[in-house]
Amino acid sequence: MNTHDLPELRTEDLGAGVVKRTTTLADGRDLFYYDEPGTTLGAERAVDARVLDPRPDTATMRLDVLTGDWITVAANRQNRVMMPGADADPLAPQTPGNPSEVPSRYDVAVFENRSPAFGPALSEAVGGAPQAPNAPRGRDDLSALGLGRTRAAIGRCEVVCFSPEHSGSFGTQSETRARTVIEAWADRTAALSTLPGIEQIFPFENRGEAIGVTLPHPHGQIYAYPYVTPRTTRVLESIDRTAPDLFQHILESEQASERVVLRGEHWTAFVPFAARWPLEVHLMPHRHVPDLAETTAAERDELAPLYLRLLRGVDALYDSPTPYIAAWHQAPVHVGRDTVRLHLQLTSPRRAADKLKFLAGSEAAMWAWAAEVPPEAGAARLREAIERASPTTTGEGASA
């Protein structure tokens, strides 16, 4: 049933000249438009006039008592659309023949996922999100081991549309559009961090069918987890065993190595010393920043062109677009804010033009990795590709 015939359109000015317009979809899910500076779009937005089924129930998490990991069981995700044509693209602006998820044309749009792994319920009722029965009761509750333990998979999953076009990726966007997406990431990170029961925010982009992408539309996602993720938990343990400024030591060590591929005033991109994947590169700010919401305007301004150069170099490695996962690791919401530093981890399973790395016995079953490409060789190859894709005069702010 359509219960939002005339949703309110709220407007807010953000950084870099970006304007945020907030409304709701026909089933009550939040929708945010981020208009870039100089946009040709008008101030009004069309109403979502679809008649939609009720939202699915919040999924359940089950505890793996051997590892302490929580596994979400979200059967509703079985019904996701698989590689539709342009005339049925669910992320394109709505047309008479395509009742998609976004009612109006847009620059950047963010909305709640229709088939979420987490949410829509939270640990407390907020706005249109209900309170979940059997919600996690804090970090101590989540860390307790026991057979048969379950909790509601509270949280939030959002889709970030980089463009209204049917195909592309973050790397195919203009610098202005990239800067607008960065502003949206920062805005959503700040907002999601305030929701009850949320412990960590994760913006990411899956790119390419080899990764498992189900939509060719240029987009990413943001997950708001009810727990601190297993990888970040391991990072926190390593910080406890070494030094609170471990990330600064890592950055300085990498900057002094031959593995740097790009360096600006505020960011450095490098292939890490112990890279697992055939193509792996990290992008890290020069000062301690826990998440994208805490970056400055200057850091965001530099990130847009620097990140685009990196992605276009990744694509220049081969004759066809490179499949990758671009993962923005952020500090948890309530712990590790002073020690866990924001950084991008971009990985690709492509180890040659016609070869992919598959996680088989040792890596998949035992989590014991063997890398085929030496990180130093990977960095040299990526530096050459970045130069081919976007030749510039080497200098401060754009050095490779």
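For the structure itself, look to the data block above.
Conventions adopted
Residues numbered from 1 in each chain as written. Predicted model: local features only at pLDDT ≥ 70, side-chain atom pairs only at ≥ 80, totals over all residues. Heavy atoms only, no water. Helix = DSSP H or I, 4+ residues; strand = E, 2+ residues; numbered from the N terminus. Expected span 1.5 Å × (residues − 1). Buried < 20%, exposed > 50% of the residue type's maximum accessible area, 1.4 Å probe, protein only. Arc of directions from axis to C-beta. Contact = heavy atoms within 4.5 Å. Pairing = 2+ DSSP bridges. Axes fitted to C-alpha atoms, helices over the stretch in contact; angles between N-to-C directions. Parallel < 35°, antiparallel > 145°, perpendicular 65-115°, else oblique. Left-handed = near helix turned anticlockwise from the far one by under 90°. Nonpolar A, V, L, I, M, F, W, Y, C, P; charged D, E, K, R; others polar. Salt bridge = Lys/Arg side-chain N within 4 Å of Asp/Glu carboxyl O. Phe/Tyr/Trp six-rings, centres within 6.5 Å; stacked < 30°, edge-to-face > 60°. Lys NZ or Arg CZ within 6 Å of the ring centre and 35° of its normal. Patch = residues over 30% accessible without salt bridge, like charges linked within 9 Å, V, L, I, M, F, W, Y side chains within 5 Å. Areas by Shrake-Rupley, 256 points an atom, 1.4 Å probe, with all protein chains shown as cover. Lys, Arg positive; Asp, Glu negative; His and termini not counted. Charge placed at Lys NZ, Arg CZ, Asp CG, Glu CD. Polar contact = N/O pair within 3.5 Å; in protein donor to acceptor, adjacent residues only side chain to side chain.

A. Main features of helix H7 (residues 375–389). With 15 residues, H7 should reach 21 Å at 1.5 Å per residue; the first-to-last C-alpha distance of 21 Å fits that figure. Turning to H7, its buried residues number three or more, namely Pro375, Gly378, Ala379, Leu382, Ala385 and Ile386. Angularly, the buried residues of H7 cover 130° about the axis, an arc narrow enough to put them on a single face. Among the structural elements, strand E11 (260–263), strand E13 (279–285) and helix H5 (297–316) are those in contact with the buried residues of H7.

B. The pairing of strand E1 (residues 10–13), seen in detail. Bridge count between E1 and strand E2 (residues 19–24): four bridges; the pairing is antiparallel. Bridged to Arg10 within E2 is Thr22. Once E1 ends, the chain turns through five residues before running back antiparallel as E2, passing Ala16 with a positive phi of about 60°.

C. Representation of the sheet that holds strand E14 (residues 324–329). Taken in spatial order, the twelve strands of this open sheet run E1-E2-E3-E6-E8-E10-E9-E14-E15-E13-E12-E11, and their pairing is antiparallel. Of all strands in the sheet, those bounded by a partner on one side alone are E1 and E11. On average, adjacent strands in this sheet sit at an angle of 20° to one another, irrespective of strand direction. Summarising the sheet, strand E3 (residues 30–35) and strand E6 (residues 108–112) pair through four bridges and their orientation is antiparallel. Looking across to E6, one finds that Tyr33 is bridged to Ala109.

D. Summary view of the packing of helix H2 (residues 175–192) against H5. Relative to each other, H2 and H5 sit at 130°, their axes nearing to 9 Å. By the criterion of interaxial angle, the relationship of H2 to H5 is oblique. As H2 packs across H5, the resulting crossing turns out to be right-handed. Along its contact with H2, which presents Glu175, Ala178, Arg179, Ile182, Glu183, Trp185 and Ala186, the element H5 presents Ala297, Arg300, Asp301, Leu303, Ala304, Pro305, Tyr307 and Leu308. Across the contact of H2 with H5, the residue classes tally to ten nonpolar, no polar and five charged.

E. Representation of the sheet that holds strand E7 (residues 150–152) in the model. Strand order in the open sheet formed by three strands is E5-E4-E7, with antiparallel pairing between adjacent strands. Only two strands of the sheet have a single partner each, and these edge strands are strand E5 (69–73) and E7. Strand-to-strand twist in this sheet, taken as the mean axis angle between neighbours without regard to direction, amounts to 35°. Here strand E4 (residues 60–64) runs beside E7; their pairing, made up of three bridges, is antiparallel. Within the sheet, the bridge partner assigned to Met61 lies in E7 and is Arg151.

F. Quick peek at the pattern of salt bridges. All chains considered together, the criterion is met by 31 salt bridges. Here Glu363 and Lys357 are joined by a salt bridge, their closest N and O atoms 2.9 Å apart. Both residues of the pair, Glu363 and Lys357, count as buried. Across the pair Glu372 and Lys357 runs a salt bridge whose closest N-O atoms are separated by 3.1 Å. Residue Glu372 is located in the loop between helix H6 (361–366) and H7, and its partner Lys357 is located in the loop between strand E17 (355–356) and H6; the two are separated by 15 residues in the primary sequence. Residue classification places Glu372 among the partly exposed positions, given a relative accessible area of 46%. Overlapping salt bridges bring together Asp27, Arg29, Asp48, Arg50, Glu101 and Arg114 as one network.

G. Here's a closer look at the packing of aromatic side chains. Under the defined criterion, the tally for this structure stands at 16 aromatic pairs. Between the aromatic rings of Phe162 and Trp185, the centroid separation amounts to 6.5 Å while the plane-to-plane angle is 80°, which identifies the pairing as edge-to-face. Within this pair, whereas Phe162 is found in the loop between strand E8 (156–161) and H2, its partner Trp185 is found in helix H2, the two being separated by 23 residues in sequence. Arranged with centres 4.9 Å apart and planes meeting at 40°, the rings of Phe170 and Tyr307 form a pair that is tilted. Highlighted residues: Phe170 in the loop between E8 and H2 and Tyr307 in helix H5, separated in sequence by 137 residues. For the pair shown, Phe170 and Tyr307 are each scored as buried. By way of ring pairs, the aromatic residues Phe118, Phe202, Phe204, Tyr223, Tyr225 and Tyr227 are connected into one cluster. Of note, Arg45 hangs over the ring of Tyr33, and the distance from its end group to the ring centre comes to 4.9 Å.

H. Representation of a positive patch on the surface. A cluster of like positive charges, contributed by Arg231, Arg234, Arg241 and Arg276, occupies part of the molecular surface. Inspection of the secondary structure puts Arg276 in the loop between strand E12 (267–270) and E13.

I. The environment of Glu302, seen in detail. As for its position among the elements, Glu302 is in helix H5. Here Glu302 falls in the buried class, since its relative accessible area comes to 13%. Residues Glu302 and Trp267 lie 35 residues apart in sequence; the distance between their C-alpha atoms is 7.9 Å. There is a polar contact of 3.1 Å between the side chain of Glu302 and the backbone nitrogen of Trp267.

J. Quick look at unusual backbone geometry. Omega for the peptide link from Gly119 to Pro120 comes to 15°, which places this bond in the cis form. Position of Pro120 among the secondary structure elements: in the loop between E6 and helix H1 (139–143). Its identity is not glycine, yet Asn134 carries a phi of approximately 60°, on the positive side. Following the sequence through the fold, Asn134 ends up in the loop between E6 and H1. Judged by relative accessible area, which is 36%, Asn134 ranks as partly exposed. Of note in this structure, Trp367 is not a glycine but carries a positive phi near 60°. On the secondary structure map, Trp367 appears in the loop between H6 and H7. Look at Trp367 and you get exposed, because its relative accessible area is 57%.

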